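# Coordinate analysis (summary)
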Amino acid sequence: MQPLTENNLSNSADDKLLNKIGAFSALGVGIGYIFIMIFYGFAGGKTPDGGEASLKYLTGKTTFWWAIIWLSILTDILYLPVAFSLKKLFKSFNKVAVLLATTLFGLFVVLELVITWSNYSVLMTLSGSYNATTTEAQKTLYITIAEYISRHLTSPVLAFYAIFIPSLGVLIFSLVMLKANFGKITSYAGILSGIIGMVSVVGGLFNETLSSLIIPGSILALVWFLLVGTKLLILSK
C-alpha cells in the first residue's frame, strides 16, 4: 500500500469539500476544548460528588457551566464530520479499522448527548430551583433527584464511554495514519493520547492515581485534533 501523497489523493470537488469540513470540525473541537478548559478553571473544576454538594457548588456558576455544556455538545457533534472525513481518506489503507474508529466516535457522541449533557443540564435546572425554594420538603426533593444524577455522573460507566471509547477511536485512527504516512507527529500524538486515555479509565479502577492521567491524555487529544484539522485543511486545497 502506497503512503498517502498528493499523487494518490482524490482531487474530486466532493472529497476536497469533505476534507475541508473535516478540517474545520477538527479545529473546532481543538479550539472548543481550550475554551472548555478555561471555563472549567473559572468554575472551579468539576462538580463534587453528592447531590446537595453539587447543587450548592453550582450556585453563582451557572453562566460558566452553561457555556461548558453547550460547548461540549458542539464539540461532541463535530466529532462526526471529523470521523467521516478520516474514514473516507483512509479507507483504502484499512477499511475495517477506520469503520470501527468511526463507529466508536459515533457511539461516543450519542451516549454523551443522551446521558452526560442531559444530566448536567437537569442538574443546572435543579440548582436554580433549589436556591429559589423556601420549604425544606422541596429542598429534600431536589437533593434526592440531584443525588441520583450525581451517582450517574460519577459512575465508572460514564468514564468508559466518555473517555475510553473516544480514546480507542483516536488510537485506531492514529495507527492507520501512521501506516498512511499522514504525519508522524500527528500519528504519535493520537497514539499516546489514546493509550493514556484508556489507561486512565482501566487503571483508575484499581489505582485512583492513574485516573489523573486523563489530564495529559485530554491535552494530547486537543493537540491531535488541531494537527488533524491543519493537515486536512492543507489536503483540501
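This text goes with the structure placed above it.
Here the structure is a predicted model, which means the values were calculated and not measured.

## A closer look at the pattern of salt bridges
Summed over all chains, the structure comprises 2 salt bridges. The partner of Lys56 in a salt bridge is Glu52, with the nearest N and O atoms 3.3 Å apart. Taken as a pair, Lys56 and Glu52 lie in helix α2 (residues 51-57) at a separation of 4 residues, close to a single helical turn. Residue Lys56 is classed as partly exposed on the basis of its relative accessible area of 48%. By relative accessible area, which is 33% here, Glu52 ends up partly exposed.

## A word on helix α4 (residues 95-132)
In this model, α4 (38 residues) spans 55 Å end to end at C-alpha, consistent with the 56 Å of a helix rising 1.5 Å per residue. Glu112 marks the point of greatest bend in α4, at about 40°.

## Notes on unusual backbone geometry
Residues other than glycine seldom take positive phi values, yet Asn181 does so here, at roughly 60°. Counting through the fold element by element, Asn181 comes out in the loop between α6 (156-179) and α7 (184-204).

## Some remarks on the packing of α4 against α6
Between α4 and α6, whose axes approach to 8 Å, the crossing angle comes to 155°. In terms of their interaxial angle, α4 and α6 are classed as roughly antiparallel. The two elements α4 and α6 meet at a crossing, and its hand is left-handed. Taken together, the residues of the contact of α4 with α6 sort by class into 20 nonpolar, 3 polar and 1 charged.

What counts as what
Residues numbered from 1 in each chain as written. Predicted model: local features only at pLDDT ≥ 70, side-chain atom pairs only at ≥ 80, totals over all residues. Heavy atoms only, no water. Salt bridge = Lys/Arg side-chain N within 4 Å of Asp/Glu carboxyl O. Helix = DSSP H or I, 4+ residues; strand = E, 2+ residues; numbered from the N terminus. Buried < 20%, exposed > 50% of the residue type's maximum accessible area, 1.4 Å probe, protein only. Expected span 1.5 Å × (residues − 1). Bend = angle between axes of the 7 residues up to and from the residue. Axes fitted to C-alpha atoms, helices over the stretch in contact; angles between N-to-C directions. Parallel < 35°, antiparallel > 145°, perpendicular 65-115°, else oblique. Left-handed = near helix turned anticlockwise from the far one by under 90°. Nonpolar A, V, L, I, M, F, W, Y, C, P; charged D, E, K, R; others polar.

Take it as geometry only, folks, not as evidence of what the structure does.
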